[in-house]
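# Remarks on the overall topology
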Amino acid sequence: MDQDRKTYRLVRVLTGGVTPVALAAAILVFARLHDGAWEPGAQVAGICRELIAGTTVGRQALFGSCWVAPLPVLFYLPFAWLLPEPVAGWAAFFVAWLFVFWTVREAVKATGQSAWRIVLAQGAIVGMMALSPQQQTLQITTALMTGLMLLAAAALADWAAYRRLRDVVAAGASGAFLVLCGLPAFASAGLAVGMLPFAACGNRETRVRFQAWLLLGGLPLVYAAGVWLLMNRLILGDAFFFVRSLEYLVPRLPVFICALFLPGTVLLPALAVTWVCDARGPERPGAGPAAASALLIAFALALIVCGQVLKIFGVHWQLLTMNVCALAVLMIALARLRQPVYRLGLSLALFVWLSTYWLGGTARSDGVPPDRGDICRQVEAHVNARTPYGRVFVLGYAGLDLLRGYSGELLLPNMDLHLGSLRRAYLGQNLYVLVPRPVGAVRAESVFWKYPDIYELGGDRLLYAASFGEWRLFEVISAPTQEQLDEWKKAR
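In every chain, residue numbers begin from 1 and rise along the written sequence. It should be noted that, the model being predicted, local features are given only for residues of pLDDT at least 70 and side-chain atom pairs only at 80 or more, the latter also being counted only at that level, while totals for whole chains, interfaces and linings use all residues. The side-chain values count all of the structure's non-hydrogen atoms but skip hydrogen atoms and water molecules.

### Comments concerning the overall build of the protein chain
Worth spelling out the cut-off: Helix and strand assignments come from DSSP, with helices taken as H or I runs of at least 4 residues and strands as E runs of at least 2, each series counted from the N terminus. Buried residues are those whose accessible area, probed at 1.4 Å on protein chains only, stays under 20% of the maximum for their type, while exposed residues exceed 50% and partly exposed ones sit between those limits. In what follows, a contact means two residues having at least one pair of non-hydrogen atoms within 4.5 Å. The method behind every accessible area is Shrake-Rupley, applied with a 1.4 Å probe, and residues are considered shielded solely by the protein chains displayed. Charge assignment: positive for Lys and Arg, negative for Asp and Glu; neither His nor the chain ends contribute. Where a charge lies is defined by one atom per residue type: Lys uses NZ, Arg uses CZ, Asp uses CG and Glu uses CD.
When you go through the protein chain residue by residue, the secondary structure sums to 24 helices and five strands. When its C-alpha atoms are laid out on the principal axes, the protein chain stretches across 95 × 50 × 40 Å. Sorting the 492 residues of the protein chain into buried and exposed places 52% on the buried side. Taking the contacts inside the protein chain whose residues are at least 6 apart along the sequence as the reference set, 74% of them involve residues at least 24 apart. About 22,200 Å² of surface is accessible on the protein chain, with carbon and sulfur atoms providing 63% of the total. Mean positive and mean negative side-chain charge positions of the protein chain (41 and 30 charges, respectively) differ by 9 Å.

In structure tokens form, the structure reads like this:
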């Protein structure tokens, strides 16, 4: 008994401590050396800057978009509060990958596999990231989504195989956190939670508790979504503000919404296998490892289908993240199979090599971090040369990223552009608007679904002033307000 306990402790320290720390450190060092312009949380760092300052813009940015979700920001926030940049980003990236390797351990050990199988699976994920390094895959958001996908998929598979109540709780909790990872994870979270009661329908005793499994698994997801809706209503005045960009980005929105349910059909064959296995073994709870493997493979295929749906409808800026999640789930399915360790090692090595064809080749930036300060200085010089009473509003999440290291008072972030409110709030000042180029994820900024042609044509009361790289500066031109006229009369 004592020997078994010592062995268990050794395995726990190896797979839950030593190996994850070493692998997380290795992937951090690799990311730093691979690309000099690499930043693990560029966008979320700008939001955290405003949250720490206690501004309304920070609260709007936290909940205002389904493409920049709350969970990565809230995960990054303690590091941004305690540590300076870029150390905060490195620490958050390291901890996020520790979470991934912990979920790998939890997903594989449920089947009673040895420590070496868990270590091989953890190392295979690092190998996949190292052979296909991309700016998007080496991000905190990707690590968090990958860990939560592994946790959700493994909990669903273990629930089907062993009927443990803790798996329902784990699937429900991970589904709720996945909702807070943004729109690309909405369908996956719904699948993980929605399949819980159906996976138990093959057995008569568990089938009668259908409503209990649905409530226990789905309530955390409903609660997380409800909080997001409530925050949008309280902070932005519109409960659905965070998904308004879909009306602009997706021309056939009803078709897109229906297509998001398409990955669910991929799980139907695995569900049928689960029911058959459940019916053949009524004397034991659960459908067994064959059903678990079928569900894991089907879940990974569903993630791939979900990514392709996003690609078809032109909102594919997180496609690589979905592919990483799918490949990681397939690796877990492979590691849970009963086979010799040497064969598992060869299988995982082959799988990692084949994954490079799915994720694409090596991508590298220019090697130098973007000089945000240079753009800010140019904009300041341009405005100060024309008026001593200028005020520049930098729009959207891209604006928060641009102002991360800015300490002046001329440039201010703005998440929800209302020219009338700005004119009333800044009486007597010359107002300017700095607009990013609407390419990729920047197209989802609220300014573009409110004013679709603002970057090319400006808008009412907006006159083109200058360009600074991919940014365009517009001056707010309008007749003086009554308050301004009264002040001018007093000055005379």
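Moving on, there is more to tell.
### What about the pattern of salt bridges?
Selection criterion: What makes a salt bridge here is a side-chain nitrogen of Lys or Arg within 4 Å of a carboxyl oxygen of Asp or Glu, nothing more.
Under the definition given, this model contains 13 salt bridges. Linking D158 and R336 is a salt bridge whose minimum nitrogen-to-oxygen distance equals 2.8 Å. Separated by 178 residues along the polypeptide, D158 in helix α7 (residues 140-162) and R336 in the loop between α17 (319-335) and α18 (341-359) bring together distant segments of the chain. Residue D158 is classed as buried on the basis of its relative accessible area of 3%. The class of R336 is buried, set by a relative accessible area of 7%. The residue R164 makes a salt bridge to D167 at a minimum N-O spacing of 3.0 Å. Overall, R164 belongs to the partly exposed group, its relative accessible area being 22%.

### A closer look at empty space enclosed by the protein
Unfilled space is identified by rolling a water-sized probe across the atoms. To keep things clear, this is the line we draw: Using protein atoms alone on a 1 Å grid, points that fit a 1.4 Å probe yet trap it form a cavity, whereas open point sets bounded by protein on both sides within 12 Å along at least five of seven lines form a pocket; residues with an atom within 4 Å of a point count as lining. Grid points are joined across faces, edges and corners, and a volume is the space filled by probe spheres set on the points. Three residue categories are used. Nonpolar comprises Ala, Val, Leu, Ile, Met, Phe, Trp, Tyr, Cys and Pro, charged comprises Asp, Glu, Lys and Arg, and polar comprises the others, including Gly.
Within this structure, the stated rule accounts for three cavities of 30 Å³ or more. As a volume, the largest cavity reaches approximately 100 Å³. In this structure, the largest cavity is lined by 15 residues; those nearest its centre are G64, S65, F241, Y397 and S446. Taken together, the residues of the lining of the largest cavity sort by class into seven nonpolar, five polar and three charged.

### Section: the pairing of strand β5 (residues 471-476)
Note the threshold: DSSP-based pairing: two strands are paired if at least 2 bridges between them are found.
Across five bridges, strand β3 (residues 430-436) lies against β5 in antiparallel orientation. When the bridges of β5 are listed, Y432 appears paired with E475. Where strand β4 (residues 462-468) lies against β5, six bridges are found, and the strand directions are antiparallel. For F468, the partnering residue across the bridge sits in β5 and is W471. Between the antiparallel neighbours β4 and β5 lie two residues, among them G469 with a positive phi of about 65°.

### Observations regarding the pairing of strand β1 (residues 390-395)
Burial runs high along β1: six of the six residues are buried. Because side chains alternate across β1, one face comprises the buried residues G390, V392 and V394, and the other comprises R391, F393 and L395, equally buried. With five bridges connecting them, β1 and β3 associate as parallel partners. Bridge pairing links V392 to Y432 in β3. Two strands pair when backbone bridges link them, and β1 and strand β2 (residues 411-414) are joined in this way by four bridges, in the parallel orientation.

### Observations regarding the layout of surface pockets
Space inside the second largest pocket adds up to approximately 750 Å³. Residue lining of the second largest pocket: 24 residues in total, with F186, A187, I257, L260 and F261 positioned closest to the centre. Elements with a minimum of two residues in the lining of the second largest pocket: α9 (186-199), α11 (210-236), α12 (245-249), α13 (253-259) and α14 (263-266). Top element by residues in the lining of the second largest pocket is α11. It accounts for five residues. Among the residues making up the lining of the second largest pocket, the classes are represented as 19 nonpolar, three polar and two charged.

### Considerations on the packing of helix α15 (residues 268-280) against helix α16 (residues 289-312)
The following threshold applies: Note on geometry: axes are C-alpha line fits, over the in-contact stretch for helices, and angles between N-to-C directions span 0 to 180 degrees. To sort the angles, those under 35 degrees are grouped as roughly parallel, those over 145 as roughly antiparallel, those from 65 to 115 as roughly perpendicular, and the leftovers as oblique.
Where α15 meets α16, the closest approach of the two axes is 9 Å, and the angle between their N-to-C directions is 170°. In terms of orientation, α15 lies roughly antiparallel with respect to α16. Where α15 abuts α16, its residues A270, V273, T274 and C277 lie against A290, A291, A294, L295 and A298. Residues belonging to the contact of α15 with α16 are distributed by class as follows: eight nonpolar, one polar and no charged.

### Re the sheet that holds β3
Strand order across the open sheet formed by five strands is β2-β1-β3-β5-β4, with mixed pairing between neighbours. Where the open sheet ends on each side, the last strands, each with one partner, are β2 and β4. Across the sheet, the mean angle from the axis of one strand to that of its neighbour is 30°, orientation sign disregarded. The strands that helix α19 (residues 372-384) touches are β1, β2, β3, β4 and β5; relative to β4, the one it contacts most, it runs at about 135°.

### Brief notes about a nonpolar patch on the surface
We count it as follows: To count toward a patch, a residue needs a relative accessible area above 30% and no salt bridge. Like charges then connect within 9 Å, nonpolar side chains (Val, Leu, Ile, Met, Phe, Trp, Tyr) within 5 Å.
Residues I52, W81, L82, L83 and V87 make up a contiguous nonpolar surface patch of roughly 510 Å² in combined accessible area. Along the chain, L83 falls in the loop between α4 (70-82) and α5 (87-109).

### Overview of the confidence of the model for the protein chain
Put simply, the rule is: pLDDT measures the predictor's confidence residue by residue and takes values from 0 up to 100.
On average, residues of the protein chain carry a pLDDT of 86, and 92% of them reach 70 or more. By mean pLDDT, helix α24 (residues 482-491) is the weakest element of the protein chain at 64, and α4 is the strongest at 94.

### With respect to helix α6 (residues 115-131)
Short version of the rule: Under the convention used throughout, the expected extent of a helix is 1.5 Å for every residue step, that is, one less than its residue count.
The end-to-end C-alpha separation of α6 is 24 Å, in line with the 24 Å expected for 17 residues at 1.5 Å each. Every buried residue belonging to α6 is among A115, R117, I118, V119, A121, Q122, A124, I125, V126, M128 and M129, and all of these are buried.

### Quick notes on the environment of W213
Along the polypeptide, W213 turns up in helix α11. Judged by relative accessible area, which is 11%, W213 ranks as buried. Considered as a pair, W213 and V168 are 45 residues apart in the sequence and their alpha carbons are 7.2 Å apart. Excluding residues within four positions of it along the chain, W213 makes contact with W159, L165, V168, P197, A200 and T206.

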